[in-house]
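# Tertiary structure, described
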Amino acid sequence: LAAALDEAPETSRAAWLRAWAAPPSEEIEADPGAARSRAALADALLRHKWSGAPGWAVVAIGGYGRGTLFPGSDLDLLLLQGEGADPAVAERYLRLLWDLGLEVGHAVRDLAAVEVSLRRDLASATGTLEGRLVTGDARLFESLKGAVAEFRAGPDHERFTSAKLAEADERHLRAGSEVCLLAPDLKRGRGQSRDLELARLIAALEEECPPRGDPLRVLPGWGSALERWLDLSPAEWGRLAATEETLFAARGALHEVAPTAGERLDPVHQRALAKHLGYTERDGRLAVEVAMEEIYRAAKRVDLLLSRCRLRLTPPPPAPLSQLLGPGVASSADFVIFDPSPPTDPRVLLSAFELAQAGKRRVAPQALDVVRELRGTLPLDAETAATFRRLLRGGKGVAQALSDLHASGLLGRLLPEFGALECLAQADPYHVYTVDEHTLASLR
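First, a word on scope: everything that follows refers to the structure included in this document. (Residues numbered from 1 in each chain as written. Predicted model: local features only at pLDDT ≥ 70, side-chain atom pairs only at ≥ 80, totals over all residues. Heavy atoms only, no water.)

### Digging into the state of the cysteines
The tally for this structure, following the rule as stated, stands at zero disulfides. For Cys180, which is in no disulfide, the shortest distance to another cysteine sulfur is to Cys423 and amounts to 4.5 Å. Its relative accessible area of 1% is what places Cys180 among the buried residues. (Disulfide = S-S within 2.5 Å. Buried < 20%, exposed > 50% of the residue type's maximum accessible area, 1.4 Å probe, protein only.)

Structure (structure tokens):
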């Protein structure tokens, strides 16, 4: 490939486009959608084409900075200009890349301009914080890392985090506010790639003592900060890796089977995607239903991770606002919590929902986490059934209580028939959500 890239423009362009469509892989680790291999290939190209001009650092940002590129991805670059560097270097370099047919999104900035963008430009700041050095002046890149360290130490990073979470809320409204939409947006939707990227970025910013990690990254501890900051167990680490692979594979397959479809996985493309990824029938579900179930479950796990990040950033309510509601259950502002947490009696898990309903409150997200972990301990006997019936007869807030029970995984334990519908997609004009979410919407 390197030899072909130095030949005539037509030959080099054709060679690059072939490699981009099917990048070579060392197969050291799982690489769904060839996203990491494609990023490594782009790294090799940029280094090969770089002239070695002094006073410049070529920094990958955005998805490229994170080390993942899909067939339809742009190559986002920050060309960091040092003092006295020749501006013509950047123009010549970009023309070389454009001549190869690359879709390059770029910014040319000196260090002072980067510092301003960190404070004032949300999109630019996001790209910079996700950045990594590809080639060029290593000392200049260290100066960039120093500017980011100052940003992390000051109040601007808190405003940045709040703005990113508000941006995510707006993005969810545009892409669809539910995780289990029949036609999910695999990039911008709730629980999809952008949410996972945001959770990782927040963790890397908020971690007080990050390890040195990768010296070529703007945030050296970025790769595993989420696991450390949320104190994920080894089992949760494994599930996070599997979740990321599922989402990467789905996005990569969508770019392959429907290059013009963008990032929304419409039902018309779902069968082709399932076939492309090698899904087969399982437990009475069609291959396409199995594929969509895995995508939805992965999105739910990402949604939960981002919720846990929000909770870490939310200060606890003052103690005087807490009031005991019943054995093991207390109120905290407009929420119901466990006191103590976790509860010593598993029956308290269900009674918390009943007390929240009676007091027109919500079960706190922290308490839902506790229910999610302990739901298997709730005895399924006459007393539990009686509590559940009282909740259904509550008159007010029944639909909300059922939605919260479903979010915690407890509703499927109480009603296995309903649990069997979780993440089941029915591709017909009547359904907007999966069957479980459609049923809850009908009840509301």
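### Topic: the sheet that holds strand 4 (residues 132-136)
As summarised here, the arrangement of the four strands in space is 3-2-1-4, forming an open sheet in which the pairing is mixed. Because the sheet does not close on itself, it has two edges, and the strands there are strand 3 (104-110) and strand 4. The mean inter-strand angle of the sheet, taken between neighbouring strand axes irrespective of direction, is 25 degrees. As paired strands, strand 1 (residues 56-60) and strand 4 are joined by four bridges and run antiparallel to one another. Note on strand 4: the bridge partner recorded for Ala57 is Gly136. Against the sheet, helix 6 (residues 111-120) contacts strand 2 (75-81) and strand 3, and its axis sits at roughly 110 degrees relative to strand 3. (Pairing = 2+ DSSP bridges. Helix = DSSP H or I, 4+ residues; strand = E, 2+ residues; numbered from the N terminus. Axes fitted to C-alpha atoms, helices over the stretch in contact; angles between N-to-C directions. Contact = heavy atoms within 4.5 Å.)

### Considering the nonpolar core
Core analysis: the biggest nonpolar cluster contains 42 residues, and Leu129, Leu144, Leu219 and Leu226 have the highest contact counts within it. Of all the elements, helix 10 (residues 193-206) adds the most residues to this core, at eight residues. Residue contacts for Leu144: discarding those within four places in its chain leaves Val59, Leu78, Leu80, Leu111, Val114, Thr128 and Val218. Counting residues in each nonpolar core, the second largest holds 29 residues, with Ala39, Trp50, Trp56 and Leu102 among its members. (Core = buried A, V, L, I, M, F, W, Y, C linked by side-chain atoms within 4.5 Å.)

### Some remarks on the packing of helix 17 (residues 382-392) against helix 18 (residues 398-408)
Axis separation between helix 17 and helix 18 bottoms out at 9 Å; the angle between their running directions is 135 degrees. By the angle between their directions, the pair helix 17 and helix 18 is classed as oblique. Across the interface between the two elements, Phe388, Leu391 and Leu392 from helix 17 touch Val398, Ala401, Leu402 and Leu405 from helix 18. Taken together, the residues of the contact of helix 17 with helix 18 break down into seven nonpolar, no polar and no charged. (Parallel < 35°, antiparallel > 145°, perpendicular 65-115°, else oblique. Nonpolar A, V, L, I, M, F, W, Y, C, P; charged D, E, K, R; others polar.)

### Details of the sheet that holds strand 6 (residues 329-332)
Reading across from one edge, 5-6-7-8 is the order of the four strands in this open sheet, with mixed pairing throughout. Each edge of the open sheet is held by one strand with a lone partner, namely strand 5 (322-326) and strand 8 (362-363). Judged from the four bridges that link them, strand 5 and strand 6 form a sheet pairing that is antiparallel. Residue Leu324 lies in a different strand from strand 6, and its bridge partner there is Ala330. Relative to strand 7 (residues 335-338), helix 15 (residues 348-358) is tilted by about 160 degrees, and along the sheet it contacts strand 5, strand 6, strand 7 and strand 8.

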